[in-house]
Amino acid sequence: MALPDKNDTKIVAIVGPKGGVGKTTISANLAIALSKLGKNVIAVDLDLGASNLHTLFGIRETKASLDDFVLNKITNLPDIVMNTDVNNLRIICGGNIPGIANLHYNKKLKLIRNLSQLKSDFVLLDLGAGASSNVVDFLIIAQDGVLVTTPEVPSLLNAYSFIKTLIFRRLALHFKQIEQKELIELLDKARDFESYPKLKTMEGLIEAVRSINVAAANSIRNFLTNYKPIVVVNRARSEKDADTGKVLQNLMNQYLSIKSSIILSVHEDTAVGIAVTKLKPVLLAAPRSLFAKDIEMIAQVLVR
Amino acid sequence: MAFPVIIYSADKSRGGILHKILKRNGLSTLWENQLSQTQAAVLTHHPEIFIADIKNALKNEIVFLANICLKLQGAFLIVIGGSVDINTFEKQVSELVLENNLRLTDPLSPELIVSKVKEVLSLREKPLQAQQTDLEIDLKQFLKL
C-alpha cells in the first residue's frame, strides 16, 4: 500500500481494540481539549458502520457524511467537513451504509489519501473497535496513536494484541516494499511463535531478520525506537487501576521492544454519564471534572 | 527528614491549600513561599516531585524557578498557573526540563494534583522490572508469553 505524502497536519488516531472502553467519548472530548489549546481540529468518525461521534456533540442532522464520500456522491473529503459549536473544531461524520465496515481496498486507499490531505493543526481519527486491516491501516497514517483500554484483563489483552498486530502490519508492508520473500515468510513464522519460540520476542525476530538482511533489521529497530504509543487507561477507579497501564508497558517493553510508550489514565467520573445523557461533551458540560482535567493532560501530551 | 514533595507557592492561600491536601493524603510535603528557601530545600531534600505555583509570578521569579528546575536531578515537575505564566516559564527552561513535567493551567485542582503526585510516587517506588503482579501473570498466560 503506497502511503500518501505528509503535510503539516498532525494525524492522531484514537483506537479502542475492545468495544465499549470509552474511545469515542475520549475522542470527542480530546478534540475539544485540543481546540481549547488554540489548535484547529478536524474530528473524523471512522468507526465505520457504527458511527456516533456526532451524537456526542449533539449534532442531530448530518448534511453530509462519509457515506456520501464512499458512494461517490461527493468527490472531495473537505466538502463533508462540518462546523461545530466549538471554536476551532470541525467534524466529519461517519458512515453507516451496509458494507461500509468492510471497505473495498481502493476506496480505503482513496479515503486514506484524502484524510492525509486535510488541512488542520490536528486531524483526530476516531477508529472502530477490533484489529481488522480497516482499523490498523488508518492507524498507520497517523503520527500518534492513542490506545484506549480499561483496567480489566480482556481489554488489556486486546490492547497488547492490537499493538502487536500494528507492528506486524508495518513490518509486512515494509517487507513487501523491499520485495524480500524470505522476510515475509519469517514474519509468518513469528505469528506462530509457539512453533518457533525464538521468534516470540521482537528481539528474536530482529536477530532472525538481521541474518537475512541487516538494513531491514536496522529499519525495524529504528521504527521501534521511534514508536511511542500513548496508552490511556480509561475508567480508573483507583491507583491500582491506573497502574495496569504499567503492566502493559512492561509487556510491550519485554516482548515487543517498545521502550518509550506513554501511559496515562483517565478517572472514572460520573460527570461522563451525565454529559452523554445530555448529548453534550464532558469538557463543555463539566469542564472542572476530573475526567476533563485528565483529557486536557492528554491534549498537552499531544501538543508537545 | 527528607521531603519527597516540595511546593513553591508565594500565594499563601493556594500554597496552603495544596500543602494541606497533600499532607491529608499522607504525602510528606514541604511548602516554601520564598525563592531562596525553595532553592535550599531542593538542594537539601532532592525531592521526587517539585510543584511550582507560578500564578501571577514576576518574570524574575520565573527565571529563578527555571534555574531551580535545572537542579532537580530527574524529579518530576508540576507547574501550575495561568496560561500566560506557563508560556513565560516554558520560554525560560530547556527541552530537557519540559520533557519531565506536567503543566496545569488554572483553575487550581488540588484533587488532580494529589492524584498525579500519588501516581508518580508509586511509579518511582516500584521499578518497572519488579512489577510481576498477578495481572501480569494473567496477561502472560492468556497471551502465551
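Residues numbered from 1 in each chain as written. Chains lettered and ligands numbered in written order. Predicted model: local features only at pLDDT ≥ 70, side-chain atom pairs only at ≥ 80, totals over all residues. Heavy atoms only, no water.

Right, let's get into the environment of A:Asp241. Residues and elements named next belong to chain A. Structurally, the position occupied by Asp-241 is in helix 10 (residues 239–256). Taking C-alpha positions, Asp-241 is 10.0 Å from Val-266, a pair spaced 25 residues apart along the chain. Excluding anything up to four places from it in sequence, Asp-241 contacts Pro-151, Val-233, Arg-235 and Ala-236. (Helix = DSSP H or I, 4+ residues; strand = E, 2+ residues; numbered from the N terminus. Contact = heavy atoms within 4.5 Å.)

This paragraph deals with the domain arrangement of chain A. Accessible area lost during the coming together of the parts is what is often quoted as the interface size. Residue and element names in this part refer to chain A. Domain assignment breaks chain A into domain 1 (10–148 + 269–303) and domain 2 (150–267). On a C-alpha basis, the centroid separation for the pair domain 1 and domain 2 is 25 Å. Listed per partner, the contact involves 27 residues of domain 1 and 23 residues of domain 2. Between domain 1 and domain 2, a total of about 2200 Å² is buried, with carbon and sulfur atoms accounting for 70% of that surface. (Domains from an automatic or database assignment. Buried area = accessible area lost by both parts, 1.4 Å probe.)

Further remarks concern the environment of A:Asn158. Turning to its location among the elements, A:Asn158 is positioned in helix 6 (residues 153–177). Considered as a pair, A:Asn158 and A:Ala129 are 29 residues apart in the sequence and their alpha carbons are 9.9 Å apart.

All names here are of chain A. In space, the eight strands of this open sheet follow the order 3-4-2-5-1-6-7-8, with mixed pairing throughout. The sheet terminates laterally at strand 3 (81–83) and strand 8 (262–267), the two strands that pair on one side only. Neighbour-to-neighbour, the strand axes of this sheet turn through a mean angle of 25°, independent of strand direction. Where strand 1 (residues 10–15) lies against strand 5 (residues 122–127), five bridges are found, and the strand directions are parallel. Across the sheet, the residue bridging to Ile-11 is Val-123, located in strand 5. Helix 10 rests against strand 7 (230–236) and strand 8 of the sheet, and its axis sits at about 150° to strand 7. (Pairing = 2+ DSSP bridges. Axes fitted to C-alpha atoms, helices over the stretch in contact; angles between N-to-C directions.)

If you look at the interface, chain B gives 30 residues, while chain A gives 27 residues. For the pairing of chain B and chain A, the buried interface totals around 2800 Å² over both sides, and the portion due to carbon and sulfur atoms is 60%. Considering only the surface of chain B that becomes buried against chain A, B:Leu139, B:Leu143 and B:Leu145 emerge as the three largest contributors, covering 22% of it. Our count for the contact surface shared by chain B and chain A stands at one salt bridge. Residues A:Glu194 and B:Lys144 are paired through a salt bridge, measuring 3.7 Å at the closest nitrogen-oxygen approach. (Salt bridge = Lys/Arg side-chain N within 4 Å of Asp/Glu carboxyl O.)

Moving on: the packing of helix 6 of chain A against helix 7 (residues 181–191) of chain A. Residue and element names in this part refer to chain A. Running from amino to carboxyl end, helix 6 crosses helix 7 at an angle of 160°, the nearest separation of the two axes being 9 Å. When the axes of helix 6 and helix 7 are compared, the pair comes out roughly antiparallel. Where helix 6 crosses over helix 7, the two elements pack in a sense that is left-handed. Within the contact between the two elements, helix 6 uses Phe-168, Leu-171, Ala-172, Phe-175 and Lys-176 and helix 7 uses Leu-183, Ile-184, Leu-187, Ala-190 and Arg-191. The residue inventory of the contact of helix 6 with helix 7, partitioned by class, reads eight nonpolar, no polar and two charged. (Parallel < 35°, antiparallel > 145°, perpendicular 65-115°, else oblique. Left-handed = near helix turned anticlockwise from the far one by under 90°. Nonpolar A, V, L, I, M, F, W, Y, C, P; charged D, E, K, R; others polar.)

Residues and elements named next belong to chain A. Inspection of every chain in the model, using the stated rule, returns one aromatic pair over all chains. Seen from their ring centres, Phe-223 and Tyr-227 are 5.4 Å apart, and the 20° between their planes marks the pair as stacked. For Tyr-227, a relative accessible area of 15% puts it in the buried group. Note that Lys-110 overlies the ring of Phe-69, its terminal NZ or CZ placed 4.5 Å from the centroid. (Phe/Tyr/Trp six-rings, centres within 6.5 Å; stacked < 30°, edge-to-face > 60°. Buried < 20%, exposed > 50% of the residue type's maximum accessible area, 1.4 Å probe, protein only. Lys NZ or Arg CZ within 6 Å of the ring centre and 35° of its normal.)

Direction vectors running N to C along helix 10 of chain A and helix 7 (residues 134–143) of chain B enclose 50°, while the axes themselves pass 10 Å from each other. Considered as vectors, helix 10 of chain A and helix 7 of chain B are oriented oblique to each other. For helix 10 of chain A against helix 7 of chain B, the interelement crossing comes out right-handed. Every residue of helix 7 of chain B that contacts helix 10 of chain A at A:Thr244, A:Val247, A:Asn250, A:Leu251, A:Gln254 and A:Tyr255 is listed here: B:Leu135, B:Glu136, B:Leu139, B:Lys140 and B:Leu143. By residue class, the composition of the contact of helix 10 of chain A with helix 7 of chain B is six nonpolar, three polar and two charged.

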